[in-house]
Amino acid sequence: MYITNPNSSIRASSVTRKSTPIAATGENGAVSQLAILVSLVCAKYLYVACFSSYLVFYSMDRFAMSEASGLVVLFAFHAAVAGGGLIGGSFSDRIGTRPVIGFSFWAALPFALAFPWLGPVAGIAAALLAATVIASAFPAIVVHAQSLMPARIGMISGIFYGTAFGVAGLGAAALGWLADVTSLTTIFILTSFMPLAGILTLFLRSNRGR
C-alpha cells in the first residue's frame, strides 16, 4: 500500500518559494538594482585599469621619474587597492553594503579629480587615497548583489568577477588607443570622472535585514 504524506507537497512548495530568485518574482526590482551594481563595477574597474596599465608611463612622463620609481608607485597603488578591499569587506559587515558602496565612490571623487593636476608627491598621495577608497566598493557590491538573488550566489559572483576582469582588459586596450591618439594626461583626466558613477548609489536599496 502506498500512503501519500500531505505535508510533503507543502514542504516542496515552500522550498520552491525560498529558492526562487528575487529577480524572477520582480520583488524589490532586483534586475534594475543589479544593473546599477554592474555599472558601478564598470566605472570602478575602468578607473583602476587606467592606473594599473599606464601609471608607470605617466609617472615617467609627467613627474620625470625613473622606470624603477614608477614601478614602486605602481606597487603602492596595487597595495592600496588590496587594502581597500579588505577595509570595505570589514565595514560592510558592520554597517551594511549600501553605505560602503556610496562612500567609496563619493569619497574617492575629490582625490581622483585632483590627481591629474597635482605634482608628484601630492599626486601620488591622491592616487593612493582614491585607490584605497574606491576599491572598498567591490566586496560590498558583490555581497549586495548576492543578497538580491540569494539562490543564485554562484551566478552573481561569476557575473561580477567576469565583468571586472572584462572591463579592465577592454578598458586598458581602449585607453591605450586613446593615449596614442591624444596623450597620457588625457586618459587620466577622463578616468578621473569615473567616481561620479556614485550618483547611481542614490537609487540603491538597503539590504539590511535580508
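None of the values given here were measured: they were computed from a predicted structure. (Residues numbered from 1 in each chain as written. Predicted model: local features only at pLDDT ≥ 70, side-chain atom pairs only at ≥ 80, totals over all residues. Heavy atoms only, no water.)

Draft legend 1. Highlighting unusual backbone geometry. For A64, which is not glycine, the phi dihedral falls at a positive 55 degrees. Along the chain, A64 turns up in the loop between α3 (30-62) and α4 (67-95). For A64, a relative accessible area of 67% translates into the label exposed. (Helix = DSSP H or I, 4+ residues; strand = E, 2+ residues; numbered from the N terminus. Buried < 20%, exposed > 50% of the residue type's maximum accessible area, 1.4 Å probe, protein only.)

Draft legend 2. Spatial organisation of the side chain of T163. Summarising the element assignment, T163 is placed in helix α8 (residues 153-181). Apart from the residues within four sequence positions on either side, T163 is in contact with V38, V41 and C42. (Contact = heavy atoms within 4.5 Å.)

Draft legend 3. Representation of the nonpolar core within the structure. If you look at the biggest cluster of nonpolar residues, it comprises 57 residues, and the most contacted ones within it are L37, L40, F105, I141, F160 and I187. Elements with a contribution of two residues or more to this core: α3, α4, α5 (97-114), α6 (120-135), α7 (137-148), α8 and α9 (184-191). Per-element tally for this core: the top contributor is α3, with 16 residues. (Core = buried A, V, L, I, M, F, W, Y, C linked by side-chain atoms within 4.5 Å.)

Draft legend 4. Region of interest: the packing of aromatic side chains. Enumeration over the complete set of coordinates arrives at 11 aromatic pairs. Centroid distance F51 to F188: 5.0 Å. Interplanar angle 90 degrees. Geometry classified as edge-to-face. Of the two residues, F51 is situated in helix α3 and F188 in helix α9; the sequence distance between them amounts to 137 residues. Accessibility expressed as a relative area gives 1% for F51, which makes it buried. Put simply, the rings of Y47, F51, Y58, F63, F77, F115 and F188 pair up and form one aromatic cluster. Over the ring of F91 we find R94; its NZ or CZ atom is 5.7 Å from the centre of that ring. (Phe/Tyr/Trp six-rings, centres within 6.5 Å; stacked < 30°, edge-to-face > 60°. Lys NZ or Arg CZ within 6 Å of the ring centre and 35° of its normal.)

By themselves, these observations are geometric and do not establish any function.
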